[in-house]
Amino acid sequence: MKFLRLFLLLFVISTQAQQGGMWVPSLLKGMNEAEMKSLGMKISASDIYDANKPGIKDAVPHFNGGCTAEMISPKGLLLTNHHCGYSQIQSHSSVENDYLEQGFWAMSLEEELPNPGVDVTFVIKIEDVTTQVLAGTENLTTEAEKQKKIENNISILSRDFPKEKWQGAKIKNFFDGNQYLLFVTETFDDVRLVGAPPTSIGKFGSDTDNWVWPRHTGDFSLFRVYADKNNRPAKYSKDNIPYTPKHFLPIAIDGFKKDDFTMVVGYPGRTQEYLPAVAIEQILNDLNPAKIEVRDAALKVVDGFMRKDQAIKIQYASKYASIANYYKKWIGESKGLKKSNAVAVKKAEEKEFLQKVKKAKKQAEYGNILSDFDKTYAEIAPYALSRDYFTEVFLRNIGLTETAFKVYQLERILADKGEQSFNDRKQNLMDGMGAFYKNFNKTVDEKVFEQLIAIYSTQSPKQFVPASLQNINASELSKSVYANTKLGSYEGLKELLTGDSKTVLAKMKNDPAVALVKAAADKYFAEVAPKFEELDLKNIATQRTYMKALLEMNPKARIFPDANSTLRVTYGKVQGYEPADAVYYEPVTYLEGVMEKYVPGDYEFDVPAKLIDLYNMKDYGPYAENGKLPINFIATNHTTGGNSGSPAIDARGNLIGLNFDRVWEGTMSDIYYDPAICRNIMVDIRYVLFIIDKYANAKHLINEMKIVKAKK
Ligand code: ARG
Ligand code: GLU
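Residues numbered from 1 in each chain as written. Chains lettered and ligands numbered in written order. Predicted model: local features only at pLDDT ≥ 70, side-chain atom pairs only at ≥ 80, totals over all residues. Heavy atoms only, no water.

Draft legend 1. Representation of the state of the cysteines in the model. Enumeration over the complete set of coordinates arrives at one disulfide. With a sulfur-sulfur separation of 2.1 Å, Cys 67 is cross-linked through a disulfide to Cys 84. Here Cys 67 and Cys 84 share a disulfide; its torsion about the S-S bond, -80 degrees, makes the bridge left-handed. Of this pair, Cys 67 sits in strand β2 (residues 67-68) while Cys 84 sits in helix α5 (residues 82-91), and the two are 17 residues apart along the sequence. Here the two residues Cys 67 and Cys 84 agree in accessibility, since each one is buried. (Disulfide = S-S within 2.5 Å. Helix = DSSP H or I, 4+ residues; strand = E, 2+ residues; numbered from the N terminus. Buried < 20%, exposed > 50% of the residue type's maximum accessible area, 1.4 Å probe, protein only.)

This is how it looks when you write it as structure tokens:
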């Protein structure tokens, strides 16, 4: 019976397996074009990427290294997420002009706000340089020699590759080191803020709704790219002019239906789709539960304080959001891995793999890969777990230990690099920690410490916990540490750091927080980190061979490379899903849903009065469908972190939405993509235009864009 279920499951998966995948734009023609057309695409692969003519790739830059954005006008107008532009919006805000709270709209070019340090990077051309990168490595025997040669080849190649002087070249490793692609790029540094809705629209639902469908968030912001007089990249200057992109996306506002083709183009950060079953089991049974346990305890404490105290809420909002983001993701990921039987599916695939290896008579080369994985993952288990506990407890969730760790590092810097480096770093800490202490509350932090140190003491692998942290009374320990440390305030930190290295080291010795972190960290760096790194390198090398074998044993399968922050295309259909037995989620949400969630005055679910007015008058302009205003929608596109801000594009190459999240049940798609429950979440472009037009009265921006009828 169980076997039959698994069989059926595998069958369903293999028949739907055409969906999922993050594909390299320059390889779409051979790999994906036929399938994309069979799913409904009307343009061709060369309209997306062609080294010799403008196309969609020229409209989709990497936004500041972490997000994606798209050009939506011939005058350099750029669209990305509100959460991608968040710190820029924040940086221009003051108590009198709080653009997070009220929104911001430049009514002319003069009012647009420069953002030093922010850049956007376009891909001009992609070339396979595998042969050149691997040249001369064939006869090298050790892994270290090989890597050194590869690095050397990469730096020479990227320096000498023919390109214009305002362009860059970057080589990236694909398929765990089995393929190398070179990207010629253009980076623009003058990027100005044009518009942002208030947080009550751009971050509506906040942490409660994060990673959740049904969703109702207007997660967008607008920038403008500026260039010099020759339309080339230039540092900020008031003489710069709006950039004329090689291509910008036309916008379709007459809607789409369930099952319509969509694609998402962008810069996904990191996935691990080809892990062996044993690695997934480790994530599922050891690592995710440990990280979730620590963050759960920390978040509960902080939430308790935030709910009672407005000042603490402001201090901790950003920290809380960033801790909560991956906490919630890991819970969803584990649930999804279980629900989709990822481990069983991988095990079945591995069995099949071994048979293929045998049939191809490649046992000598590939026969031991899986048993090597089994061995190394078993060996690395206590080190990996210890590493996660150490990192989560001391370096991510407790302000005091994060600071104590930075101070502790001074001792190592002195030993490794000498007095000058010690003094430089010390000065750095003295100057730089002000921002940290602004959002530090000693009482909150002490309570977090009390919870987390108890978890570390009892849950982290015993053999790597220093004697001083075994059998502790967490409440007494935290009281005495927080009562006697100097690091509870900025003044205290500066006091501790005053003096020459000998004096400072002596004071460090007497500080209970530094001493405590030192005990844990010394043990970690002596007994955990080196062994972890050694075994991890082994796994990386085995993974490279495994990838090579998978490609070789499955010549007809279309295998995509794991995400690595390079430009990719994913495609699929607009589709709802069943998150649980007897529950079905529709793929589109409407403004009605915003009003259903509305909680007046709430920091997550408040709705601006103007939006309520527009809703009451049903004043939706041309952006409604059957009298309702669409807000968000989902599809089967395979996305991950970094795809925030990516354009959702229809069958004809028009912009229909803006990617910003995934559904909770499908967040395991970084490890295992299941077309039944993995969905990406997008803002409907009609909601974006409605907010710009009707809410903000920024019609001049709409007039820059090219609005089209998709159905013609
Ligand atoms: N979960 C989305 C992404 O990883 C959005 C995060 C920002 N939004 C928030 N409510 N914290 O990263
Ligand atoms: N919010 C994510 C980002 O910032 C995208 C969501 C995801 O991980 O799919 O890139």
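Having seen it, we continue.
Draft legend 2. Looking closely at the site of ligand 2. In the vicinity of ligand 2, the residues found are His 83, Trp 211, Thr 640, Gly 641, Gly 642, Asn 643, Ser 644, Phe 660, Asp 661 and Arg 662. In the environment of ligand 2, an oxygen atom lies 3.0 Å from a nitrogen or oxygen atom belonging to the backbone of Gly 641. Taking 300 Å² as the accessible area of ligand 2 by itself, protein coverage stands at 87%. Looking at the shell around ligand 2 element by element, the count peaks at three residues for strand β21 (residues 655-662). Residues that form the shell around ligand 2 fall into these classes: two nonpolar, six polar and two charged. (Near = heavy atom within 4 Å. Polar contact = N/O pair within 3.5 Å; in protein donor to acceptor, adjacent residues only side chain to side chain. Areas by Shrake-Rupley, 256 points an atom, 1.4 Å probe, with all protein chains shown as cover. Nonpolar A, V, L, I, M, F, W, Y, C, P; charged D, E, K, R; others polar.)

Draft legend 3. Seen up close, the packing of helix α25 (residues 609-617) against helix α26 (residues 685-695). The N-to-C vectors of α25 and α26 enclose an angle of 100 degrees; their axes lie 11 Å apart at closest approach. In terms of orientation, α25 lies roughly perpendicular with respect to α26. In contact with Lys 610, Leu 611 and Leu 614 of α25, α26 contributes Tyr 687, Phe 690, Ile 691, Lys 694 and Tyr 695. Here the residues of the contact of α25 with α26 are counted per class, giving six nonpolar, no polar and two charged. (Axes fitted to C-alpha atoms, helices over the stretch in contact; angles between N-to-C directions. Parallel < 35°, antiparallel > 145°, perpendicular 65-115°, else oblique. Contact = heavy atoms within 4.5 Å.)

Draft legend 4. Structural detail: the environment of Lys 706. Inspection of the secondary structure assignment puts Lys 706 in the loop between α27 (699-704) and β23 (707-708). Residue Lys 706 is classed as partly exposed on the basis of its relative accessible area of 44%. Note: C-alpha distance between Lys 706 and Pro 74 (632 residues apart in sequence) is 8.9 Å. Every residue in contact with Lys 706, bar those within four places of it in the chain, is listed here: Phe 248, Pro 250 and Ile 251.

Draft legend 5. View of unusual backbone geometry. For the bond running from Trp 213 to Pro 214, omega is 0 degrees, close enough to zero to count as cis. One can find Pro 214 in the loop between α10 (206-209) and β11 (221-227). With phi around 55 degrees, Asn 697 is a residue other than glycine that occupies positive phi space. Classification of Asn 697 by relative accessible area gives exposed; the value is 53%.

Draft legend 6. Quick peek at the site of ligand 1. Taken together, His 83, Lys 203, Ser 206, Asp 207, Asn 210, Trp 211, Asn 325, Phe 660 and Asp 661 make up all the residues around ligand 1. At 3.3 Å from a nitrogen atom of ligand 1 is found a main-chain nitrogen or oxygen belonging to Ser 206. The separation between a nitrogen atom of ligand 1 and a polar side-chain atom of Asn 325 is 3.0 Å. Computed on the free molecule, ligand 1 has an accessible area of 340 Å², of which 84% lies beneath the protein chains in the complex. Of all the secondary structure elements, the ones that give two or more residues to the shell around ligand 1 are α10 and β21. A breakdown of the residues in the shell around ligand 1 according to their chemical character gives two nonpolar, four polar and three charged.

Draft legend 7. Representation of helix α11 (residues 277-308) within the structure. The end-to-end C-alpha distance of α11, which contains 32 residues, comes to 45 Å, matching closely the 46 Å that a straight helix rising 1.5 Å per residue would cover. Where α11 bends most, at Ile 283, the angle is about 40 degrees. (Expected span 1.5 Å × (residues − 1). Bend = angle between axes of the 7 residues up to and from the residue.)

Draft legend 8. Layout of the packing of α11 against helix α12 (residues 310-339). Direction vectors running N to C along α11 and α12 enclose 155 degrees, while the axes themselves pass 8 Å from each other. One finds that α11 runs roughly antiparallel with respect to α12. α12 is crossed by α11, and the crossing has left-handed handedness. For the contact of α11 with α12, the per-class residue count stands at 19 nonpolar, four polar and eight charged. (Left-handed = near helix turned anticlockwise from the far one by under 90°.)

Draft legend 9. Just the environment of Gly 488, in detail. Examined against the element boundaries, Gly 488 turns out to sit in the loop between α20 (474-484) and α21 (490-496). Given a relative accessible area of 12%, Gly 488 falls into the buried group. Among all residues touching Gly 488, those that are not within four sequence positions of it are Leu 400, Tyr 437, Phe 440 and Lys 442.

Draft legend 10. Structural context of the sheet that holds strand β9 (residues 179-188). Taken in spatial order, the five strands of this open sheet run β2-β1-β7-β9-β8, and their pairing is antiparallel. Among the strands making up the open sheet, the edge pair consists of β2 and β8 (167-174). Taken together, the eight bridges between strand β7 (residues 120-128) and β9 define a ladder with antiparallel strand orientation. In the sheet register, Val 120 faces β9, and the bridge partner there is Phe 188. (Pairing = 2+ DSSP bridges.)

Draft legend 11. Expanded view of the pairing of β21. Counting buried positions over the eight residues of β21 gives eight, a clear majority of the element. What sits between the antiparallel neighbours strand β20 (residues 647-649) and β21 is a turn of five residues, in which Gly 653 has the positive phi angle 90 degrees. Pairing geometry for β21 and strand β22 (residues 680-684), over five bridges, is antiparallel. Across the sheet, Leu 658 pairs through a bridge with Val 683, a residue of β22.

Draft legend 12. Broad picture of the side chain of Arg 215. With respect to the helices and strands, Arg 215 occurs in the loop between α10 and β11. From its side chain, Arg 215 meets the backbone oxygen of Val 212 in a polar contact 3.3 Å long.

Draft legend 13. Representation of the pattern of salt bridges. Tallied over the full model, the rule gives 39 salt bridges. Note that Glu 365 is salt-bridged to Lys 548, the shortest N-O span being 3.4 Å. Taken together, the residues span a long stretch of sequence, with Glu 365 in helix α14 (residues 363-366) and Lys 548 in helix α23 (residues 512-553) at a distance of 183 residues. Here Glu 625 makes a salt bridge to Arg 686, at a shortest N to O gap of 3.3 Å. On the criterion of sequence distance, the pair formed by Glu 625 in the loop between α25 and β19 (630-635) and Arg 686 in helix α26 is long-range, its members being 61 residues apart. By relative accessible area, Glu 625 is classed as partly exposed at 24%. When its relative accessible area of 2% is taken as the criterion, Arg 686 is described as buried. Three or more residues joined by partner-sharing salt bridges are found here, namely Lys 329, Glu 333, Arg 662 and Asp 670. (Salt bridge = Lys/Arg side-chain N within 4 Å of Asp/Glu carboxyl O.)

Draft legend 14. Quick peek at the confidence of the model for the protein chain. Confidence along the protein chain averages 95 in pLDDT terms, with 97% of residues attaining 70 or more. In the predicted structure, residues 6-18 sits below a pLDDT of 50 and forms twelve contacts with residues beyond four places in sequence or in another chain. (pLDDT = per-residue confidence, 0-100.)

Draft legend 15. Seen up close, the environment of Ala 252. Here Ala 252 is to be found in strand β13 (residues 251-252). Expressed as a C-alpha distance, the spacing of Ala 252 and Lys 172, which sit 80 residues apart in the sequence, is 34 Å.

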